[in-house]
Amino acid sequence: MGTNRKRVLSGVQASGNLHLGNYIGALRQFIDLQRDYDCYIFIADLHAITVPQDPKALRKQIRSVVNMHLACGLDPDKVTLFRQSDVSAHSELGWLLNTIATMGELKRMTQFKDKAGGKAEASVGVGLFDYPVLMAADILLYEADLVPTGEDQKQHIELARDLAQRFNHRFGRTFRMPKPMIPKIGARIMGLDDPSVKMSKSAASAGNRIELIDSEDVIRKKVSRAVTDSGSEIKAGPKKPAVTNLLTIMCALTDRTVAELEKEFAGKGYKEFKEALADTVVAALKPIQQTLAELEKNPKYVDEVLARGAEKARPVAERTLAAAKQAMGL
Ligand code: TYM
């Protein structure tokens, strides 16, 4: 069953409430792909502990990220949905890959530079530094053909490709070469309060992002307060990064083109455009939030989905791990 279908793998960190950037850049792609691809989607809880975390909050966060995947439309009968820490092969292959990765290539990772941001080396966790190697293990274990993510993960996927190539060259062909799959629209949704930084779970200001659980009121407030650019035209372009970002969000959620939206809002002001955008976001999130509320009442079902997912993922991952160990002489 499904043997000819291409394999897709992706993960989402359990490190905060998911936002529109996660939805547009990643989750929406998963939902589109689940029908025709053999999808492995996991909650990256081992990655979430690379920054200081509170165990109670983490446990809750993991649960809420799983629920959100299901609420957005991931069908656990079509997709293998699991928790990274339930499959120990991720940590093991991560270790094996550590022995061929170099400090130099990890130091070049822009996400590490952003997250470690100016801290003295002595105080930066090794896990945070090593994060992309674990991510390479995630990808290579499942022999993924395609890795759908937002733009910010592209460099990490390139590293996974480099490590796969190096390993195959040294020890014989073991890993399949994965390819990044970055959406054409919405690969990098920017902050609503500052279009020069990406929308992120960790941004200090809540005005940076629209969370998928935000109420209608909050959504309307955040959209109405979103920064705009000089001039009053609703037009995309390099001189209008804020409006371009808002147009991108609207395009992604309505499947319309920028040109169509520019035409619709020609001669209209920011206020009118923002009201239409807020309507669009509210309408897109309403059904998701309704399903989420149902799922939250049914933790047993979610436990069962995760148990089933881990059971399906484990043998696939273990087969690749065994091949890698064998190839290395272990
Ligand atoms: P994470 O949890 O930061 O983000 C989850 C997904 O959302 C995408 N994304 C965005 N897309 C568009 N605009 C944005 N502003 C935006 N912010 C986030 C991310 O690109 C990602 O696809 N390292 C990964 C998790 C991971 C992973 C993996 C992904 C662990 N192992 C293996 C793929 C394959 C991360 O931190 O994503």
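Because the structure is predicted, anything quoted here is derived from the model rather than measured. Each chain carries its own residue numbering, running from 1 in the direction its sequence is written. Note on the predicted model: pLDDT of at least 70 is required for a residue's local features to be given, and 80 or more for side-chain atom pairs to be given and counted; whole-chain, interface and lining totals, by contrast, use all residues. Heavy atoms from the whole structure form the basis of all side-chain values; hydrogens and water molecules are not counted.

A. Fine view of unusual backbone geometry. In this structure, Glu143 is a non-glycine residue whose phi angle is positive, near 50°. To qualify as a helix, a DSSP run of H or I must reach at least 4 residues; to qualify as a strand, a run of E must reach at least 2; elements of each kind are numbered from the N terminus. When you line up the elements, Glu143 lands in the loop between helix H7 (126-141) and strand S4 (146-148). If you check the backbone angles, Asp255 has positive phi at about 60° while not being a glycine. Position of Asp255 among the secondary structure elements: in the loop between helix H10 (241-254) and helix H11 (258-264). Since its relative accessible area comes to 69%, Asp255 is described here as exposed. Throughout this description, buried means an accessible area under 20% of the type-specific maximum (1.4 Å probe, protein chains only), exposed means over 50%, and partly exposed covers the range between.

B. Spotlight on the packing of aromatic side chains. Here a Phe, Tyr or Trp ring, Trp counted by its six-membered ring, pairs with any other such ring whose centre lies within 6.5 Å, and the pair is stacked when the planes are under 30 degrees apart, edge-to-face when over 60, and tilted otherwise. Scanning the model with the defined rule gives 7 aromatic pairs in all. Look at Phe167 and Phe171: their rings are 4.9 Å apart centre to centre, the planes differ by 55°, and that puts the pair in the tilted class. One end of the pair is Phe167 and the other is Phe171, both in helix H8 (residues 154-171) and 4 residues apart, which spans about a single turn. Under the relative-accessibility criterion, Phe167 is labelled buried at 0%. Note on Phe265 and Phe273: the rings are 5.2 Å apart at their centroids and 70° apart in plane angle, and the pair reads as edge-to-face. Here Phe265 falls in the buried class, since its relative accessible area comes to 3%. For Phe273, a relative accessible area of 1% corresponds to the buried category.

C. Fine view of the site of the ligand. Note on terminology: near, applied to a residue and a molecule or strand, indicates that one of the residue's heavy atoms is within 4 Å of it. Neighbouring residues of the ligand: 28 residues in total, closest Tyr131, Asp138, Asp152, Ile189 and Lys201. Identification of polar contacts relies on pairs of N or O atoms within 3.5 Å, with a donor-acceptor requirement for protein atoms, meaning one able to donate a hydrogen and the other able to accept it, and with residues adjacent in sequence counted only if both atoms are side-chain atoms. Contact between the ligand and Met199: a nitrogen atom at 3.0 Å from a main-chain N or O atom of the residue. Here an oxygen atom of the ligand sits 2.7 Å away from a polar atom, N or O, in the side chain of Lys201. A total of 710 Å² of accessible area belongs to the ligand in isolation, and the protein chains cover 97% of it. When contributions to the shell around the ligand are tallied by element, the ones reaching two or more residues are strand S1 (7-13), helix H1 (20-33), strand S2 (38-44) and H7. With 5 residues, S1 is the single largest residue contributor to the shell around the ligand. Following the grouping adopted for this structure description, the nonpolar residues are Ala, Val, Leu, Ile, Met, Phe, Trp, Tyr, Cys and Pro, the charged ones are Asp, Glu, Lys and Arg, and the polar ones are all others, Gly among them. Partitioned by chemical class, the residues of the shell around the ligand number 12 nonpolar, 12 polar and 4 charged. Shrake-Rupley sampling with a 1.4 Å probe provides the accessible areas, and residues are treated as covered by the protein chains on show and by no other component.

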